[in-house]
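What follows is each chain in one-letter form.
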2 protein chains.
Amino acid sequence: MPKASPRSLPSLSLRIDFDTLGRRIGPGKIRLLENIHSCGSISAAGRATNMSYRRAGLLVDEINRICGGAAVETREGGKYGGGAKLTPIGLSLVAHYRKIEHSVEKAARRELLALRADIGKPKGKGASH
Amino acid sequence: MPKASPRSLPSLSLRIDFDTLGRRIGPGKIRLLENIHSCGSISAAGRATNMSYRRAGLLVDEINRICGGAAVETREGGKYGGGAKLTPIGLSLVAHYRKIEHSVEKAARRELLALRADIGKPKGKGASH
């Protein structure tokens, strides 16, 4: 989701909570998956997402656990260093997340406009008394 | 927002990003504000939110900065220890956040059902090949 400039509408970041045990998918994991899809490897996707090779690999392991099946499939060349691609599970996760984000942006637009009108200015007039 | 049990629909957590400089309001800050509203003090609200007195006070300062004006007004008895209440800015922030959350839950319901059908089981059948 594009980030808001000081003049633009506040934007929403979404996290999907699958349960109360910390199985969560948010914008960082989705961006990593999209970069794996476009870069074709976990290490390149990590670089594109400004994260270390190790961090990207650990996140992929976590995403696979959350999905209850592989979202990312690796090929030869080491656990995270070889080629990688999204499985149908990974593709489905990304697609649903982006669709939810789109619906949410539309649904929340009126309230975000009202919120911007009420508050959210970097320097305001102070509280009403 | 109620948290999902393993059988229930995945739930969404929302964060509102006012800009790219880290001015963000998410469920933790909103819950703290609601507890200040119901408890009438920052320290009691901190306890109700399972956070230290100091952490609750720092979050209130941050929320006030984000809003560009006081969202919480304190009374006598020390900076965080006396009574406190939400200003119109604080009340508006909480109300808009909860309305956005409500619209978003309605808008995302169909996609969340589809997502639950595709993935998100704690133990799955593995990736499709």
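Since we're looking at a predicted model, the values are computed, not measured. (Residues numbered from 1 in each chain as written. Chains lettered and ligands numbered in written order. Predicted model: local features only at pLDDT ≥ 70, side-chain atom pairs only at ≥ 80, totals over all residues. Heavy atoms only, no water.)

1. Overview of the overall build of chain A
Rules: Only DSSP runs of H or I covering at least 4 residues are called helices, and only runs of E covering at least 2 are called strands; the numbering of each starts at the N terminus. When a residue's accessible area, from a 1.4 Å probe over protein chains only, is under 20% of the maximum for its type it is buried; when over 50% it is exposed; and in between it is partly exposed. Note on definitions: a residue-residue contact is assigned when non-hydrogen atoms from the two residues lie within 4.5 Å.
Counting its regular elements, chain A contains four helices and four strands. Listing each helix as α and each strand as β along chain A from the N terminus yields β-β-α-α-α-β-β-α. The proportion of buried residues among the 129 residues of chain A is 48%. Partitioning the contacts of chain A with sequence separation of at least 6, the portion at a separation of at least 24 is 50%.

2. Considering the confidence of the model for chain A
Residue and element names in this part refer to chain A. Going by this rule: Confidence per residue, as judged by the predictor, is encoded in pLDDT with a range of 0 to 100.
The share of residues in chain A with pLDDT of 70 or more is 81%, and the mean pLDDT across the chain is 84. By mean pLDDT, helix H4 (residues 88-118) is the weakest element of chain A at 92, and helix H1 (residues 27-39) is the strongest at 96. Of the regions scoring below 50 in pLDDT, residues 123-129 engages in 14 contacts with residues more than four places distant in sequence or in other chains. For this predicted complex, the interface confidence reaches an ipTM of 0.75, while the overall pTM sits at 0.78.

3. Comments concerning the pattern of salt bridges
Residue and element names in this part refer to chain A. What counts here: For this document, the term salt bridge refers to a Lys or Arg side-chain nitrogen within 4 Å of an Asp or Glu carboxyl oxygen.
Tallying each qualifying case throughout the model produces twelve salt bridges over all chains. Between Arg15 and Asp17 there is a salt bridge; the shortest N-O distance is 2.9 Å. The exposure class assigned to Arg15 is partly exposed, which follows from its relative accessible area of 25%. Among the ionic pairs, Asp17 bridges to Arg24, the shortest N-O distance being 3.5 Å. If you follow the salt bridges from partner to partner, you end up with Arg15, Asp17 and Arg24 in one network.

4. Let's talk about the nonpolar core
Worth spelling out the cut-off: To form a nonpolar core, buried Ala, Val, Leu, Ile, Met, Phe, Trp, Tyr and Cys residues must be joined to one another through side-chain atoms within 4.5 Å.
Membership of the largest hydrophobic core comes to 66 residues, with the highest contact counts inside it found for Ile36 and Leu93 of chain A together with Ile36 and Leu93 of chain B. For Leu93 of chain B, the contacting residues outside a window of four places in its chain are Leu115 and Ile119 of chain A together with Phe18, Ile25, Ile30, Leu33, Ile63 and Cys67 of chain B.

5. Overview of the side chain of His96 of chain B
Mapped onto the elements of the fold, His96 of chain B is located in helix H4 (residues 88-118). Aside from chain neighbours lying at most four places away, what touches His96 of chain B is Glu111, Ala114, Leu115 and Asp118 of chain A.

6. Looking at unusual backbone geometry
Apart from glycine, the bulk of residues carry a negative phi angle, and the bulk of peptide bonds sit in the trans form. Residues and elements named next belong to chain A. The phi torsion at Asn50 lies on the positive side, around 60 degrees, for a residue other than glycine. By secondary structure assignment, the location of Asn50 is in the loop between helix H2 (42-48) and helix H3 (53-67). Residue Asn50 is classed as exposed on the basis of its relative accessible area, which comes to 74%.

7. Focus on H3 of chain A
All names here are of chain A. What counts, and what does not: How far a helix is expected to stretch is found by multiplying one less than its residue total by 1.5 Å.
Helix length check: H3 (15 residues) gives 21 Å between terminal C-alpha atoms against 21 Å at 1.5 Å per residue, within 8%. Burial in H3 covers these residues: Ala56, Gly57, Leu59, Val60, Ile63, Asn64, Ile66 and Cys67. Directly beyond the C-terminal end of H3, a positive phi value near 70 degrees is found at Gly68.

8. Focus: helix H1 (residues 27-39) of chain B
Residues and elements named next belong to chain B. Compared with the 18 Å implied by 1.5 Å per residue over 13 residues, the 18 Å span of H1 between its first and last C-alpha is a close match. Turning to H1, its buried residues number three or more, namely Lys29, Ile30, Leu32, Leu33, Asn35 and Ile36. In this structure, the buried residues of H1 make contact with strand S2 (24-25), helix H2 (42-48), helix H3 (53-67), strand S3 (72-74), strand S4 (84-86) and H4.

9. Overview of the sheet that holds S2 of chain B
What holds strands together in a sheet is hydrogen bonding between their backbones, with the strands either parallel or antiparallel. Put simply, the rule reads: Strands pair, by our definition, only if DSSP identifies at least two bridges between them. For every element, the axis is a line fit to its C-alpha atoms; helices are fit only across the contacting stretch, and the angle between N-to-C directions ranges from 0 to 180 degrees.
Here we have four strands laid out as an open sheet, ordered S2(A)-S1(A)-S1(B)-S2(B), and antiparallel in their pairing. For this open sheet the edge positions go to strand S2 (24-25) of chain A together with S2 of chain B, each flanked by a neighbour on one side alone. The pairing of strand S1 (residues 11-17) of chain B with S2 of chain B spans two bridges and is classified as antiparallel. Among the inter-strand pairings, Asp17 of chain B is bridged to a residue of S2 of chain B, identified as Arg24 of chain B. Of the strands in this sheet, strand S1 (11-17) of chain A together with S1 and S2 of chain B are in contact with H4 of chain B, which crosses S1 of chain B at around 135 degrees.

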